[in-house]
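One letter stands for each residue in the lines below.
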Number of protein chains: 2
Amino acid sequence: MPREKKPQNPPVKDKKGSKTSKSLIKRLPVYLRILDNLIRRDVDIISSRVLSDETGFTAEQIRKDLATFGAFGTRGTGYNTSYLREKLLKITGLDKQIRIVVVGSGHLGKALTRYNILKNPYVEIAGIFDANPDELDNEILGIKVQPMEDLPLLIKEQGIKVSMITVPAEVAQEVVDLLVENGITAILNFAPTKLRAPANVHIHNADLTIELQSLIYYSLEREKE
Amino acid sequence: MPREKKPQNPPVKDKKGSKTSKSLIKRLPVYLRILDNLIRRDVDIISSRVLSDETGFTAEQIRKDLATFGAFGTRGTGYNTSYLREKLLKITGLDKQIRIVVVGSGHLGKALTRYNILKNPYVEIAGIFDANPDELDNEILGIKVQPMEDLPLLIKEQGIKVSMITVPAEVAQEVVDLLVENGITAILNFAPTKLRAPANVHIHNADLTIELQSLIYYSLEREKE
DNA sequence: CAGTGTGTGTTAAAATATTAACAAGTTTGT
DNA sequence: ACAAACTTGTTAATATTTTAACACACACTG
């Protein structure tokens, strides 16, 4: 029988109609973080070369990345940090405050919630949820753990689109189903399992064991060449 | 002046001399996890097609990945789960128990340590360290937080090569320097900052704010086409 | 107000990675 | 023992991503 069409990477297009790759999109928040730092240090202008030093990406790649969305720099001078930051905020969607929900208030869920509250200026934790009744009275920096029953209403009332899940692998799929049902379109998954969702829902896997395990490959050898 | 040679991606070679990509290496632990599950369920033979269902990678890619390191399957049949697992363990270096050290025992450090103790069968936490004296008596699943002074000796005595760091960005570089000085060759960095290290030291960045921020890009639009 | 230096944006080339196609083995059934 | 049904491993084609090269624009200097 004929194989079904490959959906694979849903190509994302910029204004000009060319394709915008996943790897590019992942670099944008890095630029943003560097720009925040520079602006804090009152640096007004920055060249791709210096951005390269700060980010570890090549200057060529940085210029190419930025040029994908428009001509934000000044030839002979560089990029205006505040102007570039604003443009990048718009492109990434981080210009508006984004509210997200966390599902799973185990140790990892708590730590990640706290981490984002403290360190992620672009994201606001709208709620944290857990199925375990014992968790219900716990607070993470003032945010109370809520029962799963309250999740649908909160998502819908606040029009939340993004969620982070740190639940056991065994229940991850049903949590995803629930989230999708209620309008979530992007999920950051920390459970070490493959999740299924409709094509219009984006799932990023942040499996920390895999991160560490693949690193070990590089720790071994390399009696070079 | 002439630009220096691009070191960029240090190409890793397999036995046959062809290049082994970073993306491939990151898929290996995924295969390994699936195989562990299959073996637990007493599945002896698995086809690339079924592996595709379980992992989300295409069957073609899986066959290609595995063929990079040798011919582990049987035509007409599939792959023997236990045999393939053994081979992959050898390739990734996870056949021997790997000991790692964690630096930074804040909330995230504690959660990640706990997580790996419980969920990562291939890695053993040899120690967790923190500069803050207040942390010193804390225990994470029986592992006591130790002062930074004890770090060099432990690394050297046990020949540890891999470390995970969850310290504030401000001190991350000096921690890296210390680790490298004492023989660490691979670092998983959770601090939101670019770190410098000699070319033979591998640093993987696991910046969780970036993960979440780049996801937001995908949560917005996509009035398709 | 030319001339020079600097750094972007763009286009072309090279390197990587993914997808597809298919030949070559294996097993199973008859 | 042969044919049919499968599924791998390999080679070729395609697509994507990265790197390089350079023309073009601006700023500064004298």
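Coordinates for the structure precede this section.
Every chain's residues receive numbers from 1 upward, in the order its sequence appears when written. Chains carry letters from A onward and ligands carry numbers from 1 onward, assigned in written order. Residues qualify for local features only when their pLDDT is at least 70, as the model is predicted, and side-chain atom pairs are given and counted only at 80 or more; totals for whole chains, interfaces and linings, by contrast, use all residues. Each side-chain value is derived from all of the structure's non-hydrogen atoms; neither hydrogens nor water enter the calculation.

## Here we look at the sheet that holds strand β4 (residues 73-74) of chain B
Residue and element names in this part refer to chain B.
At step 1: By definition, two strands form a pair when at least two bridges between them are found by DSSP. Numbered from the N terminus, helices here are DSSP runs of H or I no shorter than four residues, and strands are runs of E no shorter than two. With antiparallel pairing, three strands are arranged side by side in an open sheet as β3-β5-β4. Since the sheet does not close on itself, it has two edges, and those belong to β3 (45-46) and β4, each with one partner.
At step 2: Note: β4 against strand β5 (residues 78-80), two bridges, orientation antiparallel. Residue pairing in the sheet places Gly-73 in a bridge with Tyr-79 of β5.

## Regarding the side chain of Thr-92 of chain B
At step 1: Its location among the elements puts Thr-92 of chain B in helix α4 (residues 81-92).
At step 2: Here the term buried applies to any residue with accessible area under 20% of the maximum for its type, exposed to any over 50%, and partly exposed to those in between, with areas from a 1.4 Å probe on protein chains only. Among the residues examined, Thr-92 of chain B registers a relative accessible area of 1% and is labelled buried.
At step 3: Pairs of N or O atoms within 3.5 Å make up the polar contacts considered here, provided that, within protein, one atom can donate a hydrogen while the other can accept it, and that residues adjacent in sequence are counted only when both atoms are side-chain atoms. Separated by 3.4 Å, the side chain of Thr-92 of chain B and the backbone nitrogen of Leu-94 of chain B make a polar contact.
At step 4: When residues no more than four places from it in sequence are discounted, the contact partners of Thr-92 of chain B are Ile-216, Tyr-217 and Leu-220 of chain A together with Leu-28 and Leu-32 of chain B. It only takes one pair of heavy atoms within 4.5 Å for two residues to be counted as in contact.

## Observations concerning the interface of chain A and chain B
At step 1: Each side of the interface is counted separately: chain A has 67 residues, and chain B has 67 residues.
At step 2: The contact between chain A and chain B buries some 6,300 Å² in all, and 65% of this surface belongs to carbon and sulfur atoms.
At step 3: When a carboxyl oxygen of Asp or Glu is within 4 Å of a side-chain nitrogen of Lys or Arg, the pair counts as a salt bridge. If you look at where chain A meets chain B, you find four salt bridges.
At step 4: Residue Glu-211 of chain A pairs with Lys-26 of chain B through a salt bridge whose shortest N-O separation is 2.9 Å.
At step 5: If you look at where chain A meets chain B, you find 16 residue pairs in polar contact (both at pLDDT 80 or more).
At step 6: Take the side of chain A that touches chain B: its biggest share by element is 13 residues, from helix α8 (residues 208-220) of chain A.
At step 7: When residues are sorted by character, Ala, Val, Leu, Ile, Met, Phe, Trp, Tyr, Cys and Pro go into the nonpolar class, Asp, Glu, Lys and Arg into the charged class, and all the rest, Gly among them, into the polar class. Of the residues in the side of chain A that touches chain B, the class split is 30 nonpolar, 18 polar and 19 charged. Once two parts are joined, some of their accessible surface, as seen by a 1.4 Å probe, is lost; buried area is that loss totalled over both.

## Some remarks on the pairing of strand β7 (residues 123-130) of chain B
Residues and elements named next belong to chain B.
At step 1: Of all eight residues in β7, seven are buried, a share of seventy percent or more.
At step 2: With the strands aimed away from the viewer, a crossover counts as right-handed if its path from the first strand over the helix to the second runs clockwise. Since strand β6 (residues 98-103) and β7 lie parallel, the crossover through helix α5 (residues 107-119) that links them has a hand, and here it is right-handed.
At step 3: Sheet analysis places β7 next to strand β9 (residues 143-147), joined by three bridges and oriented parallel. By the bridge assignment for β9, Ile-128 is matched with Val-145.

## A short note on the pattern of salt bridges
All names here are of chain B.
At step 1: Tallied over the entire structure, the rule returns 14 salt bridges over all chains.
At step 2: Linking Asp-36 and Arg-85 is a salt bridge whose minimum nitrogen-to-oxygen distance equals 2.5 Å. Taken together, the residues span a long stretch of sequence, with Asp-36 in helix α1 (residues 22-40) and Arg-85 in helix α4 at a distance of 49 residues.
At step 3: With a relative accessible area of 14%, Asp-36 lands in the buried category.
At step 4: Arg-41 is the partner of Glu-54 in a salt bridge, and the nearest nitrogen-oxygen pair spans 3.8 Å. One end of the pair, Glu-54, is in helix α2 (residues 48-55); the other, Arg-41, is in the loop between α1 and β3, and 13 residues separate them in sequence.

## Re helix α3 (residues 59-67) of chain A
At step 1: By the burial criterion, the buried members of α3 of chain A are Ala-59, Ile-62, Asp-65 and Leu-66 of chain A. Down the axis of α3 of chain A, the sector holding all buried residues measures 125 degrees, keeping them to one side. What the arc describes is the spread of directions from the helix axis to the C-beta atoms.

## Observations regarding the relation of the copies chain A and chain B
At step 1: Mapping chain A onto chain B calls for a rotation angle of 180 degrees and an axial translation of 0.0 Å; the resulting RMSD is 0.1 Å. Taken together, these values place the two copies in the relation of a two-fold axis. Looking at the rotation axis and the C-alpha trace of chain A, the residue lying nearest is Ala-111 of chain A, at 3.3 Å.
At step 2: A symmetric contact is evident, with 100% of the interface residues of chain A recurring at the interface of chain B. For this overlay, a least-squares fit was computed on C-alpha atoms, restricted to residues scoring pLDDT of at least 70 in both copies.

## Concerning the nonpolar core
Soluble globular proteins: nonpolar side chains tend toward being buried together.
At step 1: To form a nonpolar core, buried Ala, Val, Leu, Ile, Met, Phe, Trp, Tyr and Cys residues must be joined to one another through side-chain atoms within 4.5 Å. Core analysis: the biggest nonpolar cluster contains 92 residues, and Leu-88 and Phe-190 of chain A together with Leu-88 and Phe-190 of chain B have the highest contact counts within it.
At step 2: Excluding anything up to four places from it in sequence, Leu-88 of chain B contacts Leu-28, Tyr-31, Leu-32, Leu-35 and Leu-66 of chain B.

## A closer look at the sheet that holds strand β4 (residues 73-74) of chain A
Residue and element names in this part refer to chain A.
At step 1: With antiparallel pairing, the three strands of this open sheet are ordered in space as β3-β5-β4. Two strands bound the open sheet, and with one partner strand each, they are β3 (45-46) and β4.
At step 2: Both β3 and strand β5 (residues 78-80) contribute to a ladder of two bridges, which runs antiparallel. Among the inter-strand pairings, Ile-45 is bridged to a residue of β5, identified as Asn-80.

## Section: unusual backbone geometry
At step 1: For Asp-42 of chain A, which is not glycine, the phi dihedral falls at a positive 60 degrees.
At step 2: Within the element layout of this structure, Asp-42 of chain A appears in the loop between α1 (22-40) and β3.
At step 3: Although it is not a glycine, Leu-141 of chain B adopts a positive phi angle of roughly 50 degrees.
At step 4: Mapped onto the secondary structure, Leu-141 of chain B falls in the loop between β8 (139-140) and β9.
At step 5: Look at Leu-141 of chain B and you get partly exposed, because its relative accessible area is 42%.

## Points about the pairing of strand β11 (residues 186-189) of chain B
Residue and element names in this part refer to chain B.
At step 1: Of the two faces of β11, the one holding Ala-186 and Leu-188 and the one holding Ile-187 and Asn-189 are both buried throughout.
At step 2: Each parallel crossover has a hand, and the one from strand β10 (residues 162-165) via helix α7 (residues 169-181) to β11 is right-handed.
At step 3: Bridging between β11 and strand β12 (residues 202-205) involves four bridges; their strand directions are parallel. Note that in β12 the partner of Asn-189 across the bridge is Asn-205.

## Brief notes about helix α2 (residues 48-55) of chain A
All names here are of chain A.
At step 1: Listing the buried residues of α2 in full gives Ser-48, Leu-51, Ser-52 and Thr-55. One face of α2 carries all of its buried residues, which in axial projection span an arc of 105 degrees.
At step 2: Of the residues flanking the end of α2, it is Gly-56, one or two places downstream, whose phi is positive at about 90 degrees.

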